[in-house]
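Tertiary structure, described
What follows is each chain in one-letter form.
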Amino acid sequence: MVLFIIGNGLAAIAPSFELLLLSRVVTGFAHGVFFSIGSTIAASLVPKDKRATAISIMFAGLTVAIVTGVPLGTYIGQNFGWRATFIGVALLGLVGAIASLALVPKNIKQSAPLRLIDQLKVIKNPSILLVLAITAFGYGGTFVTFTYLTPLLEEVTGFSSNMTSVFLLIYGIAIAIGNIIGGKVSNNKPGKALLVMFALQAIVLFVLYFTASSQIFAIITLFFMGILAFSNVPALQLYVVKMAEKYLPGTEDVASALNIAAFNVGIAIGAYVGGMVVESSLGIEATPWVGGILVIVGFLLTLVLFKREKI
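Rules used in this analysis
- Residues numbered from 1 in each chain as written.
- Predicted model: local features only at pLDDT ≥ 70, side-chain atom pairs only at ≥ 80, totals over all residues.
- Heavy atoms only, no water.
- 1 Å grid on protein atoms, 1.4 Å probe; cavity = no way out; pocket = protein on both sides within 12 Å on 5 of 7 lines; lining within 4 Å.
- Points joined across faces, edges and corners; volume = space filled by probe spheres on them.
- Helix = DSSP H or I, 4+ residues; strand = E, 2+ residues; numbered from the N terminus.
- Nonpolar A, V, L, I, M, F, W, Y, C, P; charged D, E, K, R; others polar.
- Core = buried A, V, L, I, M, F, W, Y, C linked by side-chain atoms within 4.5 Å.
- Buried < 20%, exposed > 50% of the residue type's maximum accessible area, 1.4 Å probe, protein only.
- Contact = heavy atoms within 4.5 Å.
- Salt bridge = Lys/Arg side-chain N within 4 Å of Asp/Glu carboxyl O.
- Phe/Tyr/Trp six-rings, centres within 6.5 Å; stacked < 30°, edge-to-face > 60°.

**Focus: empty space enclosed by the protein**
Tallied over the entire structure, the rule returns one cavity of 30 Å³ or more. When its volume is computed, the largest cavity comes out at roughly 30 Å³. Where the lining of the largest cavity is concerned, the elements lending two or more residues are α8 (161–185) and α10 (215–229). For the lining of the largest cavity, a count of residues per class yields six nonpolar, no polar and no charged.

**So, the nonpolar core**
In this structure, Leu-222 and Tyr-239 are the most contacted members of the largest nonpolar core, which totals 55 residues. Tyr-239 has contacts with Val-131, Pro-190, Gly-191, Leu-194, Leu-305, Phe-306 and Ile-311, leaving out every residue within four places of it along the chain.

**A word on the layout of surface pockets**
If you add up the space inside the second largest pocket, you get close to 780 Å³. Lining the second largest pocket are 26 residues, with Thr-40, Ser-44, Ile-108, Lys-109 and Asp-253 sitting closest to its centre. Those elements that place two or more of their residues in the lining of the second largest pocket are α2 (17–44), α3 (51–80), α4 (82–103), α11 (233–247) and α12 (252–279). Take the lining of the second largest pocket: its biggest share by element is six residues, from α2. For the lining of the second largest pocket, the residue count by class is eleven nonpolar, eight polar and seven charged.

**A few points about the pattern of salt bridges**
The final tally for this structure, using the stated rule, is two salt bridges. Note that Lys-246 is salt-bridged to Glu-309, the shortest N-O span being 2.6 Å. Of the two residues, Lys-246 sits in helix α11 while Glu-309 sits in helix α13 (residues 287–309), which places them 63 residues apart along the sequence. Looking at Glu-309, the relative accessible area reads 6%, which means it is buried.

**Here we look at the packing of aromatic side chains**
In total, this model carries eleven aromatic pairs according to the counting rule given. With 5.7 Å between their ring centres and 20° between their planes, Phe-35 and Phe-59 make a pair best called stacked. Taken together, the residues Phe-35 in helix α2 and Phe-59 in helix α3 connect sequence positions 24 residues apart. Summarising the burial analysis for this pair, Phe-35 and Phe-59 share the class buried. Judged by centre distance (5.4 Å) and plane angle (20°), the rings of Phe-146 and Tyr-171 are stacked. Placement of Phe-146 in helix α6 (residues 126–146) and of Tyr-171 in helix α8 is noted, with a sequence separation of 25 residues between them. Assessed through its relative accessible area of 29%, Phe-146 is described here as partly exposed. Put simply, the rings of Tyr-139, Phe-143, Phe-146, Tyr-171, Phe-230 and Phe-263 pair up and form one aromatic cluster.

Listed below in structure tokens is the structure:
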């Protein structure tokens, strides 16, 4: 959190574009570590059969932040300048740091620090690597569409920019709901839950391809797309922790951190593939079904791992 505060503070006072980029790198260092350790802490505070629910509650904070932070940050930037947005984020980081210091239990069991060579064993384990690939494709598939959702709703569905903002807010609320639901259904068999969620997610993306031109049906589809977009996060995070517990006890934090990186890789893959689709002859209206194909890849990888591990 200290790195997060410093990074956003530097961004607020950056005199050049180069320093602004550097400040974002500093902030990025904090991102993956915070969420990986946060999910591990959340899982350690509850019984084993409630770990996915605990992870989903922690990530619910992220979904609430998306719903409220994006429009609030945009409003502040438009009315008070972009530097004010970074100042506001740094202040929120200070609140987060104080809250973590005050509220995170002091008696959490900590394993001995791992040697670098032991940490590298994580990326050599086939089951853990498979979870990372599942995360990248299964989670990233939605971002083929989500990255270009605003122009899709405006250019294909025909909504105004103001109406699009309202529907994006509804989408964010659906994400928060889906995140909690995903946690509840993933506590015992995360692999089985992922198979169902990925199948539904792919179906919804394919349906959106056909409903995008209808305002009423597009919004209905968009709501279900939001429900499923983050529902797989708790299961994916619990899955990689279970694999680390099974094959490399003591490396749960490292595996969790790698899975957070896989989420970001998935977002990057989805956005890049979406850009290629938009610039191709297929056009922006094809992003849903292309995203659905990526999710199907995640589904098939999950099926392989589930048959092997039965978890």
